[in-house]
Amino acid sequence: VHLYDIEEGKKVTSYFNKRFGVANVRFTHSESGKTIICSSRNEEARIMYWSLYDNKILMSFLGHSDEITGLEMNPVDDTFASMSKDNTVRVWSLSDRKLLAIFSNCKAAAFDGTGTVLGIIHNQEGKQSIHLFSTKNGYQNEQKPFSVFLVEKANDLKNIKFSPD
């Protein structure tokens, strides 16, 4: 992981993790601004909560059975979503340091700008749909979405994003 001063255009420092490798880096909401979540590059499917202040892994989150393809931080709290080739989206809590929910048959996820909606690309029987979940009352496994819409003529959606408005 390389940190740059964007005003100066210079690299400030680098952090290495030779044991697991690093992919899918996201900054967290820590007051120091020096903690990240990232996934491993090896076959272990590990998510690391990493302090850049002292270059230590604070916690590892394990649960996916295949490569992690993405991470998304909730913009307003310490929850985050992880996506994997195992076709699950998992929601985790940094502050509670635990898994909150698992969504099956899913490929990608994103939080809206208010952090109150989690959108997930759902795959079932060769059809893709977007499922929207409320984050206001926490997460439960097999939680029912408040809105579902079929994405017609979509062969292979890979990503979901919310517009700022």
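Summary of the structure given here. (Residues numbered from 1 in each chain as written. Predicted model: local features only at pLDDT ≥ 70, side-chain atom pairs only at ≥ 80, totals over all residues. Heavy atoms only, no water.)

### Some thoughts on the pattern of salt bridges
This model, assessed by the stated rule, comprises 2 salt bridges. For E67, the salt bridge is made with K85, and the minimal N-O distance between the two is 3.1 Å. Of this pair, E67 sits in the loop between β6 (56-62) and β7 (68-73) while K85 sits in the loop between β8 (79-84) and β9 (88-93), and the two are 18 residues apart along the sequence. Relative accessible area serves as the criterion here: at 41%, E67 is assigned to the partly exposed category. With a shortest N-O distance of 3.1 Å, E72 and K161 are connected by a salt bridge. Placement of E72 in strand β7 and of K161 in the segment after β14 (147-150) is noted, with a sequence separation of 89 residues between them. (Salt bridge = Lys/Arg side-chain N within 4 Å of Asp/Glu carboxyl O. Helix = DSSP H or I, 4+ residues; strand = E, 2+ residues; numbered from the N terminus. Buried < 20%, exposed > 50% of the residue type's maximum accessible area, 1.4 Å probe, protein only.)

### What about the sheet that holds strand β10 (residues 98-104)?
Strand order across the open sheet formed by 4 strands is β7-β8-β9-β10, with antiparallel pairing between neighbours. Two strands close off the open sheet at either side, each with one partner strand: β7 and β10. Averaged over all pairs of adjacent strands, the angle between strand axes in this sheet comes to 20°, irrespective of strand direction. Pairing analysis gives 5 bridges linking β8 to β9, with the strands arranged antiparallel. (Pairing = 2+ DSSP bridges. Axes fitted to C-alpha atoms, helices over the stretch in contact; angles between N-to-C directions.)

### Some words on the sheet that holds strand β5 (residues 46-51)
One open sheet accounts for 4 strands, arranged β3-β4-β5-β6; its pairing is antiparallel. The open sheet is flanked by β3 (23-27) and β6, the only strands paired with a single partner. Across the sheet, the mean angle from the axis of one strand to that of its neighbour is 20°, orientation sign disregarded. Two strands pair when backbone bridges link them, and β3 and strand β4 (residues 35-39) are joined in this way by 3 bridges, in the antiparallel orientation. Residue pairing across strands places A23 opposite S39, the latter belonging to β4.

### Examining the pairing of strand β1 (residues 2-5)
As judged from the 4 bridges shared by β1 and strand β2 (residues 10-14), these two strands associate in the antiparallel manner. Across the sheet, Y4 pairs through a bridge with K11, a residue of β2. Hairpin connection from β1 to β2: 4 residues lie between these consecutive antiparallel strands, with G9 at a positive phi of about 70°.

### Focus: the pairing of β7
Of all 6 residues that make up β7, 5 are buried, and the element is covered over most of its length. As defined by bridge partners, β7 adjoins β8 across 5 bridges and the pair is classed as antiparallel. Directly across from E72, in β8, lies its bridge partner A81. Hairpin connection of β7 to β8: 5 residues between the antiparallel strands.

### Some details on the side chain of T135
With respect to the helices and strands, the residue T135 is situated in the loop between β13 (127-134) and β14. For T135, a relative accessible area of 13% corresponds to the buried category.

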